[in-house]
Amino acid sequence: MAGMELLSDQGYRLDGRKATELRKVQARMGVFAQADGSAYLEQGNTKALAVVYGPHEMRGSRSRTLHDQAVINCQYSMATFSTAERKRRPHGDRKSTEMSLHLKQTFEAAVMTQLYPRSQIDIYVKILQSDGGNYSVCVNAATLAVIDAGIPMRDYVCACTVGFVDETPLADLCYAEEGGGVSSLALALLPRGGQIALLQMDARLHQDHLERLIEAAMTACKGVGKVLDEVVRQHLQEVSVLTSD
Amino acid sequence: MLKSKTFVKKTRSGRVMKIVREHYLRDDIWCGSEACDECKQESTVLQQEACIESNLCSYPHYLIPDTNVVLHQIDVLGDPVIRNVIILQTVLQEVRHRSAPVYKRLKDIMHEKEKHFYTFTNEHHRETFIEREPGESANDRNDRAIRVAARWYSQHLKTPKSSTDGLKVVLLTNDQGNKQKAEDSGLLVYKCEEYIKSLIANPDLMDRLALSSDDKNEITSSKVLFPEHLPLSRIQTGIKSGSFLQGTFRASRDNYLEATVFVQGEGEDSTEVLIQGLQDLNRAVHQDVVAVQLLPRNQWVAPSSVVLQDEGTAKDDDIEEEEEEKVLRISAHEAARKPTGKVVGIIKRNWRPFCGMLNVSQIKESTRHLFTPADRRIPRIRIETRQASTLAGQRIMVAIDGWPKDSRYPNGHFVRSLGSAGEKDTEEEVLLLEHDVPHQAFSQAVLSFLPKMPWAITPEDMVRREDLRHLTVCSVDPPGCTDIDDALHCRDLENGNLEVGVHIADVSHFIRPGNALDKEAASRGTTVYLCGKRIDMVPELLSSNLCSLRSNVERLTFSCIWEMNHKAEILKTRFTKSVINSKASLTYAEAQMRIDDATKNDSITKSLRGLNKLAKILKRQRIEKGALTLSSMEVRFHMDSETHDPIDLQTKELMETNSMVEEFMLLANISVAQKIYDEFAECALLRKHPPPPPSNYDILLKAAKSKDVEIHTDSAKALADSLDVARVDGFPYFNTLLRILATRCMMQAVYFCSGMDSDFHHYGLASPIYTHFTSPIRRYADIIVHRLLAAAIGADSTYPDLMDKHKQSALCINLNYRHKMAQYAQRASVSFHTQLFFKNRGIVNEEGFVLFVRKNAIIVLIPKFGLEGTVFFDTKDKTAPNLVFDEEGPTLNVEQHTFHIFDKVKVTISLDDSNIQHQKIRMALIDPVIPGVSVPAPDIEPQAKKPKLD
Ligand SMILES: [Zn+2]
């Protein structure tokens, strides 16, 4: 039988969103007291927890120390219970290593590492529940955690996954859409300057379509950026109310 | 607003998985009604004055059909009378899931503006979404969702403005329970039948209603005739455990009590299971996918050679049948027995609407009649109609609705009439339908993707396109051709070489991947040519206008340009999108005349001469490499210009210019095939022609040997060479006959995807690689090849499906099927016109040759008409003559006379129209005279001497 119809003639997606609409984003900052910074973020049914330690002195091998900037260390993992099929996920499997590397690259582009020479910043992200766009959700959660830790960044880093169906770009793919044979692309953006921190794509897509897709991704990222900004402001207000008491 | 949807899904490995999906509810989904001013919609679909005249509903109203109504009554919904219908998303999804053909039709209907069908996305509407309750089945939930949406509509439309109009919604359902619940909640609800009956001035529509399950009980006695079908879950378990087999049910054409089930095994190895008797056939219909259980070995039987047609009046008691079944079971040698089984369940029905005729019931007042399909493999169908007397003698279409276990025949409903039987238009329609040739008018959705007229080449079109308008390009085609897809040019280059260009209509410029126009063309696969009629693959605006390379207009093309020396060796090949302005559209004869006329020396003629010269060299080279030139009789009818009846019939003759055009088309196809394969090794769409297995040649070898001629079949080259020298003195026609036989030994050429196959060889053309590039107006394969080539030279973009070898492979299967069916339809059309011709001619005497010898007949070819017919020696009404068949010869002794292949005979030809659905040409032997077998030569009828009208 026919597979799923990802975009109906009426312009609705499987879950009822229109092509450019994002999933609902909810987030909280400062969820752990021990860490220097932490945040919990839900983007639809994908839920992630990010924790930041640092900047602190280099640990482990000193050879990695950089004299003019801080080293960013990222670790990505998925909870055993995060997907529909329960699976043991050993640390350091190929997928998480790759994801960790991508996160590291993303934050190296955003964090003002030159302010902390010879030190290290650790970012730990865990996917608690996975429903598509894992990378993007991790980036968004980690951004909030880094802000919570008070580490200066050039701008928010906002990420979003977009796909291409029936000549239409779809923003913020869910798991069913990612699996439905869509060429998808993940993009992390510094929204104010419009700089791209990372762009990742595994699927085949014709060059002529790329520009439209990137444009759609940037619009989506800016949308995410607005939400993150609101969360941060909200958090600041709460904290300032608390401290003024 | 956010809802999360949780459901449980079984994975392929059998584990149970819980799937959680988000489900957003919105408040910006509008009702689509013109009468509403609450919704902020930009455009509306449903009319304010929604008037269908009905006895039940005297007020304007919108219809909301439930899923089953859509699935079963799509014929009624498609009627122009039915307008202003709300299709709920719930219904649309269920239909999509349950029947692809109905879904497609529904979508077509929804695209028609004048039908005013609106899709309401109720599953995402904040007020109409409902959650499944504990213990509620998925079906019940969907029924409830439909009721909730209907309720919402009826309340929504009660706004102050519209209440004055009294606009209402009417729910249509055939489900008693659902109807009751809807009534209880105060909805207007009718059964589909009730509602359709109430429509004023539409008595015909009644007949198109499918019978619902409630009515079935009335039709037959409560006696159970067939064993129950097993539920799907048990079938699956059975197939897994090996106790059942899954296969395609193929009914026998000659015996309605017999069928085989074709079970596809691993790789090449597949088996056939024989099924005999009504009980074991158990309501399976030709082409259904069924589950069968093998009978114990001692109950196995042999296929019977008896011809049994299900004829006469309706058989509701099975006494007669038992008699007939006994006939089947008598003679079965131990050795001849085949694996025999019985149908235990249906996995997938493959019902389509069938063409046929009504056997009007003997009882005058009866509204129930049996319908006999034209295809003998389909059982008779019982339908209900009040217009039996009108429909008698007409070809009609009937769809099966169901086959309950207590009914001898499947129940169906009248779909439409095709016209009087025997009439040309009707029969043409029948043969299109029976060969599954899509031939409806193009839907609105498809037409919406056509370029807007007046069309002109814009500067954007010229990007990445070469301007070749200055070249002397011309086209050469058969007379009356309006879909010209190729044009040629040839000119001298300064370096002494020649430049030859083949310019093909740039159809892929107009048909963009994935839109409705593209999908329709992909589904049609090919243009079908019948005698005097053409069923286009793409709408006429493209086929006969914008893509047709007519003279003196600017047309977009895709060109393949070679630089050649005078020995026709290719020095350079390049491909480019281009624009041309053809200087002349010639027929083969006109082109031939220009070439032959030494006084003509204009640029067109020079170009033609250059082409002709090169083509001759190319052809010689090709034949030297071992390409086959085979012969098949192509027949052309001379039609009467007014009645369009055939008045004369002649075999098509070929001119030098035919083969000139053909040579360059072949060359272009080969060049393009190589290019796209080099660029896209995994997903090039190619065409191959497998060599026939040696046993195929048996008949050719035997036939040749009977005339002491030796034929070598080791390779295409050997075959071609030995055919060339095969001559018999005093028998000039011998070589042609041999070539006709050789053609019959060949395999079908097929499209395939290069990534899915390793053998690319084209046997007939002796080319290591081949594809179709030159006729994109009439073949979809060429459109794909154009897209691949365009991507290869950077003139256009690729898209995912083009690069997906599995998707392309699936497309090839459809294209091969459509081409085969088109060929059959074409043959059927020729044979129908031959019949018409002989009907008008009366009985004719002709000379012919024996082409094949069979056990009880000879097959005779009449070269004059390209007609093949069978002379039977064991007719039913006469005592059979003494027949001795020798397979080695092969020869057939009839009394004292022995028939060999290639014998010259004289026969009479007449039309046998005793069975109006299956008219056929009958041949009887005149010479040689065999007492008791041959017939006396009839007087030549004066009719035949009438002056010809063409
Ligand atoms: Zn409204």
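Keep in mind the model is a prediction, meaning the values are calculated, not measured. (Residues numbered from 1 in each chain as written. Chains lettered and ligands numbered in written order. Predicted model: local features only at pLDDT ≥ 70, side-chain atom pairs only at ≥ 80, totals over all residues. Heavy atoms only, no water.)

1. Some details on the overall build of chain B
Okay, step 1: The helix and strand inventory of chain B stands at 28 helices and 38 strands.
Okay, step 2: The buried share among the 950 residues of chain B stands at 53%.
Okay, step 3: Taking contacts inside chain B between residues at least 6 apart in sequence as the whole, the part at least 24 apart equals 67%.
Okay, step 4: Summed over its atoms, the accessible surface of chain B is roughly 44500 Å², and 50% of this surface lies on carbon and sulfur atoms. (Helix = DSSP H or I, 4+ residues; strand = E, 2+ residues; numbered from the N terminus. Buried < 20%, exposed > 50% of the residue type's maximum accessible area, 1.4 Å probe, protein only. Contact = heavy atoms within 4.5 Å. Areas by Shrake-Rupley, 256 points an atom, 1.4 Å probe, with all protein chains shown as cover.)

2. Digging into the UniProt feature "domain: Exoribonuclease phosphorolytic" (unreviewed entry) in chain A
Okay, step 1: With numbering aligned to this structure, UniProt lists the feature "domain: Exoribonuclease phosphorolytic" (unreviewed entry) at residues 21-152 and 155-219 of chain A.
Okay, step 2: The distance from the first to the last C-alpha atom of residues 155-219 of chain A is 16 Å, and the span holds 26% helix and 40% strand. (UniProt positions renumbered as here; feature names shortened; annotations may be inferred.)

3. Topic: the sheet that holds strand S37 (residues 904-912) of chain B
Residues and elements named next belong to chain B.
Okay, step 1: Read across the sheet, five strands follow the order S33-S32-S31-S37-S38 without closing on themselves; strand pairing throughout is antiparallel. Across the chains shown, the open sheet's two edge strands, defined by having one partner strand only, are strand S33 (867-872) and strand S38 (920-927). The mean inter-strand angle of the sheet, taken between neighbouring strand axes irrespective of direction, is 45 degrees.
Okay, step 2: In the sheet, strand S31 (residues 844-853) pairs with S37 via six bridges, with the strands oriented antiparallel. (Pairing = 2+ DSSP bridges. Axes fitted to C-alpha atoms, helices over the stretch in contact; angles between N-to-C directions.)

4. Remarks on the layout of surface pockets
Okay, step 1: The space that makes up the second largest pocket amounts to roughly 790 Å³.
Okay, step 2: In terms of lining, the second largest pocket is formed by 28 residues, of which the most central are Asp9 and Gln10 of chain A together with Ser43, Val45 and Tyr118 of chain B.
Okay, step 3: Listed by contribution, the elements that provide at least two residues to the lining of the second largest pocket are helix H4 (100-111), strand S5 (117-120) and helix H16 (444-447) of chain B.
Okay, step 4: Grouping the amino acids of the lining of the second largest pocket by side-chain chemistry returns eight nonpolar, twelve polar and eight charged. (1 Å grid on protein atoms, 1.4 Å probe; cavity = no way out; pocket = protein on both sides within 12 Å on 5 of 7 lines; lining within 4 Å. Points joined across faces, edges and corners; volume = space filled by probe spheres on them. Nonpolar A, V, L, I, M, F, W, Y, C, P; charged D, E, K, R; others polar.)

5. As for helix H5 (residues 138-156) of chain B
Okay, step 1: The terminal C-alpha atoms of H5 of chain B lie 26 Å apart, and with 19 residues this matches the ideal 27 Å at 1.5 Å per residue to within 8%.
Okay, step 2: Within the sequence span of H5 of chain B, burial applies to Arg141, Asn142, Asp143, Arg144, Ala145, Ile146, Arg147, Ala149, Ala150, Trp152, Tyr153 and His156 of chain B. (Expected span 1.5 Å × (residues − 1).)

6. Concerning the coordination of the zinc ion
Residue and element names in this part refer to chain B.
Okay, step 1: Protein-derived coordination of the zinc ion comes from Cys31 (SG), Cys36 (SG), Cys39 (SG) and His156 (NE2), at a distance range of 1.9 to 2.3 Å.
Okay, step 2: Geometry at the zinc ion is tetrahedral, judged from the four donor atoms that bind it and their angles of 106 to 114 degrees at the metal.
Okay, step 3: Written as a sequence motif, the donor residues of the zinc ion are C-x4-C-x2-C-x116-H. Of this pair, cysteine 39 sits in the loop between strand S2 (16-24) and strand S3 (61-65) while histidine 156 sits in helix H5; the two residues are 117 residues apart in sequence, bridging distant segments of the chain. (Donors = N, O, S within 2.8 Å, 3.2 Å for Na, K, Ca; no water. Tetrahedral: all angles 85-135°; square planar, octahedral: opposite > 155°, others 65-115°.)

7. Quick notes on the interface of chain B and chain A
Okay, step 1: Facing the 27 residues of chain B at the interface are 27 residues of chain A.
Okay, step 2: Taking both partners together, chain B and chain A bury about 2300 Å²; carbon and sulfur atoms supply 47% of that area.
Okay, step 3: Across the contact surface, chain B and chain A share three salt bridges.
Okay, step 4: Listed by contribution, the elements that provide at least two residues to the side of chain B that touches chain A are S2, helix H3 (89-98) and H4 of chain B.
Okay, step 5: In terms of residue count, S2 of chain B provides more of the side of chain B that touches chain A than any other element does, seven residues in total. (Buried area = accessible area lost by both parts, 1.4 Å probe. Salt bridge = Lys/Arg side-chain N within 4 Å of Asp/Glu carboxyl O.)

8. Digging into the side chain of serine 754 of chain B
Residues and elements named next belong to chain B.
Okay, step 1: Considering the arrangement of structural elements, one finds serine 754 in the loop between strand S30 (750-753) and helix H27 (780-792).
Okay, step 2: Judged by relative accessible area, which is 5%, serine 754 ranks as buried.
Okay, step 3: A distance of 2.7 Å separates a polar side-chain atom of serine 754 from the backbone oxygen of alanine 681. (Polar contact = N/O pair within 3.5 Å; in protein donor to acceptor, adjacent residues only side chain to side chain.)

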